[in-house]
Amino acid sequence: MKKCVLITGAAVNTGFGIAEKFAKENYAVFVTSRYLKDAEDAAQKISQKYNVVSKGYEMEGSLCEDNLKKVFDDIENSGYLLDCLVLNAANLGINQEIFSVSVEDFMDVINVNIGWNFLLCRLAAKQMIKKGDGSIVFINSNTAYRCIPNRISYSASKSGALGLMRALALELGKYNIRVNAVLPGMIKTDRWQNNVGNIQKAPSACTPIGDIADFEDIANAVYYFGSELSKNTTGAELTVDGGNTIQLYPIIPDEN
Ligand SMILES: NC(=O)c1ccc[n+]([C@@H]2O[C@H](COP(=O)([O-])OP(=O)(O)OC[C@H]3O[C@@H](n4cnc5c(N)ncnc54)[C@H](OP(=O)(O)O)[C@@H]3O)[C@@H](O)[C@H]2O)c1
């Protein structure tokens with residue numbers, strides 16, 4: 001049986017890059033989006049370009065386990081049991097200012113980035129137990145440790161998701177299911193490419209490597225955790241941020 005992976009929020013950006021990496025490694029690739037057409041279009045691109053099985057699923061970031069289970073059941077009914085689950089989708093919680101953010105908007109971010117991911121892990125783990133092993137990879141963020149303005153619930157959710165990752169690694173180790181997290185810094189998505197000031201100044205002043213990540217940089221780290229390459233690693237974090245997290249002060253170029 002061919003290996004297979006399920007990647008959430010994989011119609012565009014980093015998720016699509018991760019899907020391409022697993023397709024290159026000859027996995028069957030299942031992708032989700034909140035929009036069926038986007039998921040199906042992404043799956044079609046993957047299967048045409050890499051000649052692998054690929055299918056797109058509509059999946060809300062909802063806490064209804066019965067609805068989410070339908071995706072896992074369909075994968076199993078197609079003759080697959082998941083080797084890897086990549087939790088890429090996230091509610092980015094942009095512009096959540098401390099005094100104006102509503103509790104509902106705050107909790108939406110927590111619910112998607114922690115509650116929803118927990119349910120997906122539980123469903124995936126049940127399938128992986130039938131198979132005898134598996135790997136779950138959280139796409140986290142270096143904002144779990146170092147914050148950016150007006151992203152309060154996002155930072156809180158990413159820190160909390162690291163705790164979830166470690167607790168799941170502990171619970172699932174006995175089933176030979178590994179759970180790890182990749183922590184990107186800035187990634188070259190449209191959002192950053194359009195954020196001209198940040199993309200030019202932030203990497204050079206605050207990032208030892210001097211550049212931000214391509215999708216491929218994140219995808220390679222995810223593949224490491226997702227595959228046998230890391231078969232003795234669980235509960236671990238791999239930061240892919242050009243060293244952004246370890247630098248305390250921005251480097252201000254000498255004007256002379
Ligand atoms: N970009 C960065 O600089 C950066 C830095 C650090 C960490 N990360 C992390 O890397 C991952 C991918 O980031 P990205 O920038 O490539 O992301 P992105 O495309 O903006 O978001 C990933 C996908 O998440 C889905 N999504 C958004 N809101 C959602 C919600 N409320 N419920 C369910 N799904 C939702 C969207 O898919 P659909 O619209 O198709 O449903 C979206 O395409 C995320 O976990 C992010 O936190 C990104």
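Residues numbered from 1 in each chain as written. Predicted model: local features only at pLDDT ≥ 70, side-chain atom pairs only at ≥ 80, totals over all residues. Heavy atoms only, no water.

**Side note on a nonpolar patch on the surface**
Let me state the cut-off plainly: Grouping into patches uses exposed residues only, defined as over 30% relative accessible area, and leaves out salt-bridged ones; the cut-off is 9 Å for like charges and 5 Å for nonpolar side chains (Val, Leu, Ile, Met, Phe, Trp, Tyr). Only the protein chains shown count as cover for residues, with accessible areas throughout obtained via the Shrake-Rupley method and a probe of 1.4 Å. Salt bridge, as used here, is a side-chain nitrogen of Lys or Arg placed within 4 Å of a carboxyl oxygen of Asp or Glu. In DSSP terms, a helix is any run of H or I states spanning at least four residues, a strand is any run of E spanning at least two, and both are numbered starting from the N terminus. For the exposure calls, accessible area comes from a 1.4 Å probe over protein chains only, and a residue counts as buried if that area is under 20% of its type's maximum, exposed if over 50%, partly exposed in between.
A contiguous nonpolar surface patch, about 350 Å² in accessible area, is contributed by Ile-98, Phe-99 and Ile-152. Mapping Ile-152 onto the fold places it in helix H5 (residues 152-172). A residue is classified by how much of its surface remains accessible, and Ile-152, at 37% relative accessible area, is partly exposed.

**Some words on the environment of Cys-84**
This is how the line gets drawn: Residue contacts are defined here by distance: any two heavy atoms, one from each residue, within 4.5 Å place the two residues in contact.
Note that Cys-84 resides in strand S4 (residues 84-87). With 50 residues separating them in the primary sequence, Cys-84 and Gly-134 have C-alpha atoms 5.7 Å apart. Leave out the neighbours within four places in its chain, and Cys-84 touches Cys-4, Val-5, Leu-6, Phe-22, Met-128, Ser-135, Val-137 and Gly-226.

**As for the pattern of salt bridges**
Tallied over the entire structure, the rule returns 13 salt bridges. A salt bridge links Asp-133 to Lys-131; the nearest nitrogen and oxygen atoms lie 2.3 Å apart. Judged by relative accessible area, Asp-133 falls into the partly exposed class, the value being 23%. Overall, Lys-131 belongs to the partly exposed group, its relative accessible area being 29%. Close ionic contact of Asp-211 with Lys-188 constitutes a salt bridge, the shortest N to O distance being 3.1 Å. Here Asp-211, found in the loop between helix H7 (196-206) and helix H8 (215-226), pairs with Lys-188, found in the loop between strand S6 (177-184) and helix H6 (190-193); they are 23 residues apart in sequence, far enough to count as distant. Linked through salt bridges whose partners overlap, the residues forming this network are Lys-3, Asp-83, Lys-131 and Asp-133.

**Digging into the nonpolar core**
What counts is decided by this rule: Only buried residues count toward a nonpolar core. Its members are Ala, Val, Leu, Ile, Met, Phe, Trp, Tyr and Cys residues joined through side-chain atoms within 4.5 Å.
Grouped together as the largest cluster of nonpolar side chains are 38 residues, with contacts concentrated most on Phe-72, Ile-136 and Phe-138. Looking at this core, the elements with two or more residues in it are strand S1 (4-7), strand S2 (28-33), helix H3 (65-77), S4, helix H4 (103-131), strand S5 (134-139), H5 and S6. Looking at which element gives the most residues to this core, the answer is H4, with nine residues. The contacts of Phe-138, once residues within four sequence positions are left out, are Leu-87, Asn-117, Cys-121, Ala-161, Leu-164, Met-165, Leu-168, Val-179, Asn-180, Ala-181 and Val-182. With 31 residues, the next largest nonpolar core counts Tyr-27, Ile-46, Val-52 and Tyr-223 among its residues.

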